[in-house]
Amino acid sequence: MFDVEVIRKDFPILSRQVHGVPLVYLDSANTSQKPQVVLDSLTDYYTSHNANVARAVHTLGSEATMLFEGARDKVAGFINAPRRDEVIFTKNSSEALNLVAYTLSNATSTPGAERFRVGPGDNIVVTEMEHHSNIVPWQLLAQRTGAEFRYIPIDDEGRLVDSLIDERVDDRTKVLAFVHQSNALGTVNNVERLVTRAKAVGALSVIDASQSAPHRPLDVQSLGADFVAFTGHKLYGPTGVGVLWGRYELLADLPPFLGGGEMIETVDMSGTTFAAPPHRFEAGTPMIAEAVGLGTAIDYLTAIGMDQVQAHEAQLTAYALDALAQVPALRVIGPSTPVDRGATISFTIKGIHPHDVSQLLDEQGIAVRAGHHCARPVCLRYGIPATTRASFGIYTTTSEIDALVAGVIKVQEMFS
Amino acid sequence: MSVNIDSMYQQIILDHYKHPNHRGELADFDAEVHHVNPTCGDEVTLRVRVADGEIADLGWTGEGCSISQASTSVMSDLVVGSSVTDALQLQEKFLQLMQSQGHNDLTEDETEALEDAIAFEGVSKYPARVKCALLGWMAMKSAVASATGAGDKP
Ligand SMILES: Cc1ncc(COP(=O)(O)O)c(C=O)c1O
């Protein structure tokens, strides 16, 4: 049985106060809080097992390696990856997405990687609702290779304009990169529709699952894309660790990203051959403790059940959309119904700047984010400087949503 | 909501936000500047007329968060009619207040000279918002510099 009050007890930070009032943390899309078990696993790793991985033959070295590689197994299980060596640890989603973009441009000069080449006449497609992390690496790839950078626009409700997908993604498209769930709008995109189109034109598909991995069961096989990226710190794990999942047959042919220790097979001064995936893409000493912590977070979520998490948050989303709809002069930016949307709600309030809203909410103990949420094109699309965003997680309660609504009304009273 | 004394949002700030002073375009001016604060997307366009070493008039337009708009209004009240030297001195004091991180170390006289602008003291505890409070003041400073630096205006 999913019991939010029991879950809350696992998160020590939720019992602290800010400005003399209990914390209401509604910024999980930015980063989630961490359960005690994750904090304990970091301490335990450093207290009892710390060593470098894959190079030390002593006991601690093999314990650290087992813990680190064990975390890879946990991630593979969590996303239903067909093979554990399809899971690459990165420092976050941004690095995971950059890894794909840079290996693609590295392919330009690598024999055997011809099928990954991107060049003039080709195009790379993203959507208008992307996080900067899934825009900028592709703009840079386009610049490096001479390919065209394109995007699929969004409509007034924060959905992709379906009729333009087939036009923007054409037979010269090399990459279609899109967000599963938008961090700025809450929109959940139709993965099947997009992946099917990418496949039809022979493009690689890349899913930014930063905002979906924490909120719904994620199955890379049923998503059907070529690459899936997410970040540990939004998944109740530590900062400093993220994941890129990639189809093995692609990873096997892709050139390296960064060069260094651990990613090689043999090195001599006339050249180097590279390790097999995933190590080819993990140069240097990795984020060992953080990966172990992420593994613990995954165990924690798996014990709760991601379907339970999804159901809890669907209920919160419906509740919050209803409650916010009652607030006069409040406009939700993004889908106004709970259909195909996640537990992240952006809004504006007439006459009051989002930074004022969030600062005044903070004075009442309520943590929300204000700004463009690293998705500035979304704000430009709606002609607004910024939004206020409330986002929920496994520990969010309906009374916290009530507090948000009451807080917003207080802010309006102050400004009236 | 009663305004809590620790709040960044003192009543004076809210009043100036709702009823800003010197808002509008000056028809007759010596310099115009446009300043932007990327944090909140705040913008202000400010015009000044300087005569006999005095800020004869100042007008501004802009949009953004309450802190930026109210601070520009308060600043305008303080500097219009004052000498350029006094205005720039006041600007320095306000800058010092904003950099104080919540520990106002101005003298009593200096604090008094800032009048309503002292209401922004609480902002100095929030580094992300200091730029909002400074926007209008910085715009005034550069407008005055360009008005006076422009030399002998008729
Ligand atoms: C949709 C989306 N993509 C990418 C990122 C980047 O994540 P990170 O900053 O951990 O690389 C975020 C979070 O900020 C996000 O919400």
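This is a predicted model, so every value here is computed, not measured.

Draft legend 1. Looking closely at the overall build of chain B. The helix and strand inventory of chain B stands at five helices and three strands. The N-to-C order of helical and strand elements in chain B reads α-β-β-β-α-α-α-α. With respect to the three principal axes, the spread of C-alpha positions in chain B is 50 × 30 × 25 Å. Taken over 154 residues, chain B has a buried fraction of 45%. Here the contacts in chain B between residues at least 6 apart in sequence split such that 67% fall between residues at least 24 apart.

Draft legend 2. Layout of the sheet that holds strand β14 (residues 344-349) of chain A. Residue and element names in this part refer to chain A. One open sheet accounts for four strands, arranged β13-β14-β17-β16; its pairing is antiparallel. Each edge of the open sheet is held by one strand with a lone partner, namely β13 (330-333) and β16 (369-371). For this sheet, the mean angle separating the axes of adjacent strands, direction not counted, is 35°. Of the strand pairs in this sheet, β16 and strand β17 (residues 387-391) are connected by three bridges, and their pairing is antiparallel. Its bridge partner being in β17, A370 is matched across the sheet by T388. Running over the sheet, helix α11 (residues 306-325) touches β13, β14 and β17 and is turned about 10° from β14.

Draft legend 3. Molecular detail of helix α2 (residues 36-49) of chain A. Residues and elements named next belong to chain A. In a regular helix each residue adds 1.5 Å, so 14 residues correspond to 20 Å; α2 covers 19 Å between its end C-alpha atoms and thus fits that length. Within α2, burial applies to V38, S41, Y45 and H49. One face of α2 carries all of its buried residues, which in axial projection span an arc of 55°. Residues T43, Y46, T47 and S48 are exposed on α2 and point more than 90 degrees away from its buried face. Check the buried side of α2 and you find it contacts α3 (59-78) and α10 (288-304).

Draft legend 4. Examining the domain arrangement of chain A more closely. Residues and elements named next belong to chain A. Domain boundaries assigned for chain A yield domain 1 (4-30 + 305-415) and domain 2 (39-302). Inter-centroid distance (C-alpha atoms) of domain 1 to domain 2 is 28 Å. If you look at the interface, domain 1 gives 24 residues, while domain 2 gives 23 residues. Contributions of two or more residues to the side of domain 1 that touches domain 2 are made by α11, β14 and α13 (376-382). When its residues are assigned to classes, the side of domain 1 that touches domain 2 shows 11 nonpolar, eight polar and five charged.

Draft legend 5. Highlighting the nonpolar core. With 157 residues, the main nonpolar core has V228 and V243 of chain A together with M140 of chain B as its most contacted residues. Tallying contributions element by element places helix α5 (residues 127-149) of chain B first for this core, with 11 residues. Two domains each donate at least three residues to this core, and these are domain 1 (4-30 + 305-415) and domain 2 (39-302) of chain A. Aside from chain neighbours lying at most four places away, what touches M140 of chain B is L46, L58, M75, V79, A87 and Q91 of chain B.

Draft legend 6. Region of interest: the interface of chain A and chain B. The partner chain B presents 12 residues to the 12 residues of chain A that form the contact. Those elements that provide at least two residues to the side of chain A that touches chain B are α12 (354-363) and α14 (398-415) of chain A. Here the side of chain A that touches chain B gets five residues from one element, more than from any other, and that element is α12 of chain A. Residue composition of the side of chain A that touches chain B, grouped by class: five nonpolar, three polar and four charged.

Draft legend 7. Local environment of the confidence of the model for chain B. In the predicted model, chain B carries a mean pLDDT of 90, and 93% of its residues have values of at least 70. Of the two predicted TM-score estimates for the complex, the pTM is 0.92 and the ipTM is 0.82.

Draft legend 8. Geometry of the site of the ligand. Taken together, 15 residues lie near the ligand, and N92, S94, H131, N183 and T231 of chain A sit nearest. When grouped by side-chain class, the residues that make up the shell around the ligand number two nonpolar, 12 polar and one charged.

Draft legend 9. Expanded view of unusual backbone geometry. The linkage connecting P277 of chain A with the following residue, P278 of chain A, adopts the cis geometry, with an omega of 0°. Topologically, P278 of chain A is positioned in the loop between β12 (271-274) and α10. Even without being glycine, A329 of chain A reaches a positive phi, approximately 65°. By secondary structure assignment, the location of A329 of chain A is in the loop between α11 and β13. Unusually for a residue other than glycine, H22 of chain B sits at a positive phi of about 60°. Tracing the backbone shows H22 of chain B in the loop between α1 (11-18) and β1 (31-37). On the neighbour-count criterion, H22 of chain B (18 C-beta atoms within 10 Å) is partly exposed.

Draft legend 10. Spatial organisation of the pairing of strand β8 (residues 204-208) of chain A. Residues and elements named next belong to chain A. β8 sits mainly inside the fold: five of its five residues count as buried. Here β8 shows two buried faces, one formed by L204, V206 and D208 and the other by S205 and I207. Both strand β7 (residues 173-179) and β8 contribute to a ladder of five bridges, which runs parallel. Of the residues in β8, the one forming a bridge with L176 is S205. Traced from β7 through helix α7 (residues 191-201) to β8, the parallel crossover comes out right-handed. Pairing of β8 with strand β9 (residues 227-231) involves three bridges; the strand directions are parallel.

Each value, and the rule that gives it
Residues numbered from 1 in each chain as written. Chains lettered and ligands numbered in written order. Predicted model: local features only at pLDDT ≥ 70, side-chain atom pairs only at ≥ 80, totals over all residues. Helix = DSSP H or I, 4+ residues; strand = E, 2+ residues; numbered from the N terminus. Buried ≥ 20, exposed ≤ 12 C-beta atoms within 10 Å, placed from the backbone. Contact = placed C-beta atoms within 7 Å. Pairing = 2+ DSSP bridges. Axes fitted to C-alpha atoms, helices over the stretch in contact; angles between N-to-C directions. Expected span 1.5 Å × (residues − 1). Arc of directions from axis to C-beta. Domains from an automatic or database assignment. Nonpolar A, V, L, I, M, F, W, Y, C, P; charged D, E, K, R; others polar. Core = buried A, V, L, I, M, F, W, Y, C linked by C-beta atoms within 7 Å. pLDDT = per-residue confidence, 0-100. Near = placed C-beta within 6 Å. Right-handed = clockwise from strand over helix to strand, strands pointing away.

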